[in-house]
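Chains, contacts and geometry: an overview
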Amino acid sequence: MVAMKFPGQRKSKHYFPVNARDPLLQMAQPGDIDTAYIVGIDQTLVDIEASVDASFIDRYGLSLGHSLVIEDDVAEALYRELTDKKLITHEFAGGTIGNTLHNYSVLADDRSVLLGVMCRDVRIGSYAYRYLCNTSSRTDLNYLQGVDGPIGRCFTLISDNGERTFAISPGMMNQLRPESIPEDVIAGASALVLTAYLVRCKPGEPMREATMQAIEYAKKHNVPVVLTLGTRYVIADDPQWWRDFLRDHISIVAMNEEEGQALTGFADPLAAADKALEWVDLVLCTAGPVGLYMASYTEENGKRKTQHPLLPGVIPEFNLYEFSRAMRRADCQTPVKIYSHIAPYMGGPERIMNTNGAGDGALSALLHDIAANGYHRTNVPNSSKHQRIYLTYSSLAQVCKYANRVSYQVLNQHSPRLTRGLPEREDSLEESYWER
Ligand SMILES: Nc1ncnc2c1ncn2[C@@H]1O[C@H](COP(=O)(O)OP(=O)(O)OP(=O)(O)O)[C@@H](O)[C@H]1O
Ligand SMILES: Nc1nc2c(ncn2[C@@H]2O[C@H](CO)[C@@H](O)[C@H]2O)c(=O)[nH]1
């Protein structure tokens, strides 16, 4: 069996995946090597990207920056106008969790499992076909539930100012049934990944129940549940409902600063991340050109001081213990909160191709680190790294670096799905660095 690619070396200057050289790992018998994987649920969607003017958004009853579900007749009219005027620029496999799992599999060179629907009979050239062709071969699609109808379409409408507006034509994307959630697949996963979009379905559509079924299995088998928040409007509809949902079901939340504000009332991403720790164990909050923040818990006795400069913020010197590894609060005897921040990698790309999926990319990196921890724990259980039950393999500071690096990679390409893994050697580092 091939070993999973590990997230990075213990060196702070750069962050990229390399094969683990842990001698203990090499001693393990091949039969002992167990794989770690991530499972997620998504609405199976293709992104149909087009550049439009403001009047287009108004004409179809959409709302700028929002992701709205549209009726079939509106979708047909909209699609016809886009094709007639030749406005469609790209068509990709999409869906926020599909993207995240694909990116995870590309980064880890390892298995992820996608749960959702797929057309029972796939026609060559159809959107379903395109979805399958544009998903990593390491993403296991064998558990998809067959449906007799189309997958969803996500019209990704880019305005002159670069703002994206999503119009979702759902097709059969919300027809995933609770019986289609395999308990053993959830039980063996390092994490279950969900999006807030999953609970946005019409009465009678089973997606929400299927999601709740997966959450129930994850809780039963102590698998951390990860939620990414979608857009701020989904949260702003009923912030208290979401706070309760996080408190009751979620270990890890990923959001951008706007979603963070809708959830917590705090516009400052560090304040929002800190507030969210009331409900969950680990927070990833991306903040566009400001970079990203992470917040979590660790054991008082095991906390580690940073060697980086201390940073100012709503919590002074908040990054003091960022060299600590994240833990679930319930696994700490004396939990202490830890925080970290990182500015965009290399100051951000010279030219941003597309910010679509930059946040999802950051989440894939975090998931890779979590799965690497599960992999290492299974294969080297006596390692000092597992004296406590940690959530991440690396320190919060290191995970921030990795997440940030992956976001940069997504910003540098057009599609939200990585076309390849990170380079083994960063061009930005001088030759002597590699000669150690
Ligand atoms: N304008 C920018 N300049 C530099 N870096 C950026 C910029 N926008 C985004 N980034 C990088 O990408 C990361 C994620 O960006 P952002 O906060 O925009 O994600 P998001 O809104 O969740 O994206 P999406 O919902 O499309 O996945 C940031 O943490 C930062 O590292
Ligand atoms: N699952 C899901 N993904 C969405 C929705 N709206 C937008 N996205 C995805 O969000 C991604 C960008 O983060 C795009 O690739 C879209 O496909 C939705 O309602 N559900």
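Residues numbered from 1 in each chain as written. Chains lettered and ligands numbered in written order. Predicted model: local features only at pLDDT ≥ 70, side-chain atom pairs only at ≥ 80, totals over all residues. Heavy atoms only, no water.

Topic: the nonpolar core
Our working definition: Buried Ala, Val, Leu, Ile, Met, Phe, Trp, Tyr and Cys residues form a nonpolar core when they are joined through side-chain atoms within 4.5 Å. The buried label goes to any residue with under 20% of its type's maximum accessible area, the exposed label to any with over 50%, and the partly exposed label to all in between, with areas taken from a 1.4 Å probe on protein chains only. Each helix is a run of DSSP H or I of at least 4 residues and each strand a run of E of at least 2, with the numbering of both proceeding from the N terminus. Contacts between residues were defined by any pair of non-hydrogen atoms, one from each residue, lying within 4.5 Å.
Ranked by size, the top nonpolar core spans 66 residues in total, and within it Leu78, Phe155, Leu157, Met294 and Leu366 carry the most contacts. Per-element tally for this core: the top contributor is helix α12 (residues 358–379), with 9 residues. Aside from chain neighbours lying at most four places away, what touches Met294 is Leu282, Val283, Leu284, Ile338, Tyr339, Ser340, Leu366, Leu396, Val399 and Cys400.

Some words on the side chain of Asn373
Checked against the element boundaries, Asn373 lands in helix α12. Judged by its relative accessible area of 1%, Asn373 falls in the buried class. Asn373 has contacts with Arg325, His386, Tyr390, Leu391, Thr392 and Tyr393, leaving out every residue within four places of it along the chain.

What about the site of ligand 2?
Applicable threshold: Nearness is defined per residue: one heavy atom within 4 Å of the molecule or strand is enough. All accessible-area figures derive from a Shrake-Rupley calculation using a 1.4 Å probe, and residue coverage is judged against the displayed protein chains alone. By the convention adopted, Pro, Cys, Tyr, Trp, Phe, Met, Ile, Leu, Val and Ala count as nonpolar, Lys, Arg, Asp and Glu as charged, and the other residues, Gly among them, as polar.
The full set close to ligand 2 counts 16 residues, and Asp42, Gln43, Asp47, Gly95 and Arg200 are the nearest of them. Isolated, ligand 2 exposes 440 Å² of accessible area, and the fraction of that covered by the protein chains is 96%. Counting only elements with at least two residues in the shell around ligand 2, the list comes to β4 (45–51), α4 (96–108) and β12 (164–169). Looking at side-chain class alone, the shell around ligand 2 contains 5 nonpolar, 7 polar and 4 charged residues.

Regarding helix α10 (residues 257–264)
The condition is simple: Polar contacts, as counted here, are pairs of nitrogen or oxygen atoms within 3.5 Å of one another; within protein the pair requires one atom able to donate a hydrogen and one able to accept it, and residues that are adjacent in sequence qualify only if both atoms are side-chain atoms.
Taken as a whole, α10 has its buried residues at Glu259, Gly260, Ala262, Leu263 and Thr264. Among the structural elements, α8 (232–236), α9 (239–249), β15 (252–256) and α11 (269–276) are those in contact with the buried residues of α10. The residue sitting at the N-terminus of α10 and contributing the capping side-chain oxygen is Asn256; that oxygen lies 3.1 Å from the backbone nitrogen of Glu258.

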